[in-house]
Amino acid sequence: MKMKKKMFQNMESGALCNSDMKQVKYKLFYGFLWLIMLFWFIVVILPCLWMAFSGFKTAAEINATENVRFFPETIELGKLVRAWNILNYKKYYLNTFIMAIGCVVADVFASGLAGYVLSRLRPKGHKLIMGLVFCLMLLPTTGTTVPLFVTFKNGIIPGVSMLNTYWPMWLMSAANMFNVMLFKTSFDGVSSSLVEAAKIDGANNLSIFVKIMIPLSVPVIITVSLFTFNAQFGNFFWPNLVLIDPEKYTLGVQIYKIQQVSNASITDDIKMMGILFSILPQLVVFALFQKHIMGGINLGGVKG
């Protein structure tokens with residue numbers, strides 16, 4: 001009885017409250033949802049665990065067709081250092097961080113300004129702009145691949161190609177329509193009295209944006225930054241498409257290139273360890289900032 005009480009004591013703010021849980025149909029519904037989430041968790045976590053354990057297996061264990069095991073026979077932690085030295089990932093980590101951080105800066109700056117304009121300045125035709133933003137959110141990314149590549153190849157400035165640079169990824173991050181709406185909704189929740197008081201004191205629009213809107217939107221900024229960082233750290237398609245010089249390859253591109261090259265020292269277990277290295281920063285970032293992510297989403301979705 002005490003266990004049930006503890007389980008449902010914080011349900012007043014959810015879809016099901018304590019009074020609902022006294023009815024059998026709601027208990028069954030709750031149990032059904034719990035089973036679905038458990039099943040989904042297993043589906044998501046099993047491939048990750050298999051990849052992690054495969055990194056500690058030998059190449060023979062990975063390629064075995066009989067007596068296949070999920071867990072390795074032995075776990076040798078020294079293999080982490082050996083794999084790191086063989087793959088020489090330091091350079092690719094640095095390239096990936098440069099690209100991802102640039103994308104974060106571009107996304108927060110451009111999306112924040114766009115959200116502020118749509119929320120507070122509301123220039124003539126802002127409703128049309130809002131409609132275009134929603135339409136762009138529905139536009140499939142595959143439909144824009146060729147036009148974007150041609151634009152980056154020819155260059156925004158005629159004759160200045162952006163291939164073999166990180167500019168294509170930075171510019172595309174600055175045009176994230178979902179984050180524009182997230183910032184707009186957050187700015188809509190800022191009290192108009194604060195803005196009016198700042199205008200009376202002589203503050204211009206840029207000052208209001210920097211000194212009022214940005215400090216009050218820190219949770220949303222953190223959320224957008226984390227989402228963008230995680231997405232770009234694992235980005236493969238566009239870096240593989242535009243980066244030509246191996247010295248500028250990101251982690252995702254280098255992992256792909258390793259699969260294409262025959263190297264006796266890079267066996268299947270080392271490749272698995274390389275994939276594990278590539279996802280560790282994203283796992284660490286999400287584990288450390290999970291509360292900020294959920295708080296930022298909730299704040300961006302509530303007007304008050």
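Bear in mind the structure is a predicted one, so any value in this text is a computation, not a measurement.

### Thoughts on the confidence of the model for the protein chain
Thinking step 1. Per-residue confidence for the protein chain gives a mean pLDDT of 83; residues scoring 70 or more make up 89%.
Thinking step 2. Looking at the elements of the protein chain, mean pLDDT is at its lowest for helix H1 (residues 2–7), recorded as 46, and at its highest for helix H13 (residues 237–242), recorded as 94.
Thinking step 3. Below pLDDT 50 for its whole length, residues 1–12 participates in 13 contacts with residues either more than four positions away or in separate chains.
Thinking step 4. Per-residue pLDDT stays below 50 along residues 300–304; that stretch engages in 11 contacts with residues further than four places along the chain or on separate chains.

### A short note on the nonpolar core
Thinking step 1. The biggest cluster of nonpolar side chains holds 49 residues, and the ones touching the most others in it are Leu87, Tyr89, Met169, Phe183, Met213 and Phe277.
Thinking step 2. Considering each element in turn, this core owes the most residues, 8 residues, to helix H5 (residues 90–121).
Thinking step 3. What methionine 213 contacts, discounting residues up to four positions off in sequence, is Tyr116, Arg120, Phe187, Val190, Val195 and Ile208.
Thinking step 4. In this structure, Leu118, Met130, Met177 and Val180 belong to the second largest nonpolar core, which totals 6 residues.

### Some details on the packing of helix H11 (residues 205–216) against helix H12 (residues 218–233)
Thinking step 1. Relative orientation of the contacting elements H11 and H12 amounts to 70°, with a least axis distance of 5 Å. In terms of orientation, H11 lies roughly perpendicular with respect to H12. For the pair H11 and H12, contact is made by Ile214, Pro215 and Leu216 and by Val218, Pro219 and Ile221, respectively.
Thinking step 2. Classifying every residue of the contact of H11 with H12 by side-chain character gives 6 nonpolar, no polar and no charged.

### Section: the pattern of salt bridges
Thinking step 1. All chains considered together, the criterion is met by 5 salt bridges.
Thinking step 2. Across the pair arginine 82 and glutamate 76 runs a salt bridge, and its minimum N-O distance is 3.4 Å.
Thinking step 3. For glutamate 76, a relative accessible area of 43% gives the class partly exposed.
Thinking step 4. With a shortest N-O distance of 3.3 Å, lysine 91 and glutamate 247 are connected by a salt bridge. Of this pair, lysine 91 sits in helix H5 while glutamate 247 sits in the loop between H13 and helix H14 (251–260), and the two are 156 residues apart along the sequence.
Thinking step 5. With relative accessibility at 47%, the residue glutamate 247 sits in the partly exposed group.

### Quick word on unusual backbone geometry
A negative phi angle is the norm for most residues apart from glycine, just as the trans form is the norm for most peptide bonds.
Thinking step 1. With phi around 45°, arginine 122 is a residue other than glycine that occupies positive phi space.
Thinking step 2. Turning to its location among the elements, arginine 122 is positioned in the loop between H5 and helix H6 (126–138).
Thinking step 3. When its relative accessible area of 48% is taken as the criterion, arginine 122 is described as partly exposed.
Thinking step 4. Positioned with a positive phi, asparagine 164 is a non-glycine residue whose angle comes to about 65°.
Thinking step 5. Here asparagine 164 shows up in the loop between helix H7 (145–154) and helix H8 (167–173).

### Examining helix H4 (residues 78–87)
Thinking step 1. Turning to H4, its buried residues are Lys79, Ala83 and Leu87. In an axial view of H4, the angular spread of the buried residues amounts to 60°, which keeps them on one side of the axis. H4 presents Val81 and Asn85 as exposed residues on the side facing more than 90 degrees away from its buried surface.
Thinking step 2. The positive-phi residue at the C-terminal boundary of H4 is asparagine 88, with phi of around 55°.

### With respect to the packing of aromatic side chains
Thinking step 1. Scanning the entire structure with this criterion turns up 23 aromatic pairs.
Thinking step 2. Here the aromatic rings of phenylalanine 53 and phenylalanine 71 are separated by 4.9 Å at their centres, their planes lie at 65°, and the arrangement is edge-to-face. Linking phenylalanine 53 in helix H2 (residues 24–56) with phenylalanine 71 in the loop between helix H3 (59–62) and H4, this pair joins segments that are 18 residues apart in sequence.
Thinking step 3. Connected via pairs of aromatic rings, a cluster forms that spans Trp84, Tyr89, Tyr92, Tyr93, Phe97, Phe229, Phe233 and Phe277.

Definitions and cut-offs
Residues numbered from 1 in each chain as written. Predicted model: local features only at pLDDT ≥ 70, side-chain atom pairs only at ≥ 80, totals over all residues. Heavy atoms only, no water. pLDDT = per-residue confidence, 0-100. Helix = DSSP H or I, 4+ residues; strand = E, 2+ residues; numbered from the N terminus. Contact = heavy atoms within 4.5 Å. Core = buried A, V, L, I, M, F, W, Y, C linked by side-chain atoms within 4.5 Å. Buried < 20%, exposed > 50% of the residue type's maximum accessible area, 1.4 Å probe, protein only. Axes fitted to C-alpha atoms, helices over the stretch in contact; angles between N-to-C directions. Parallel < 35°, antiparallel > 145°, perpendicular 65-115°, else oblique. Nonpolar A, V, L, I, M, F, W, Y, C, P; charged D, E, K, R; others polar. Salt bridge = Lys/Arg side-chain N within 4 Å of Asp/Glu carboxyl O. Arc of directions from axis to C-beta. Phe/Tyr/Trp six-rings, centres within 6.5 Å; stacked < 30°, edge-to-face > 60°.

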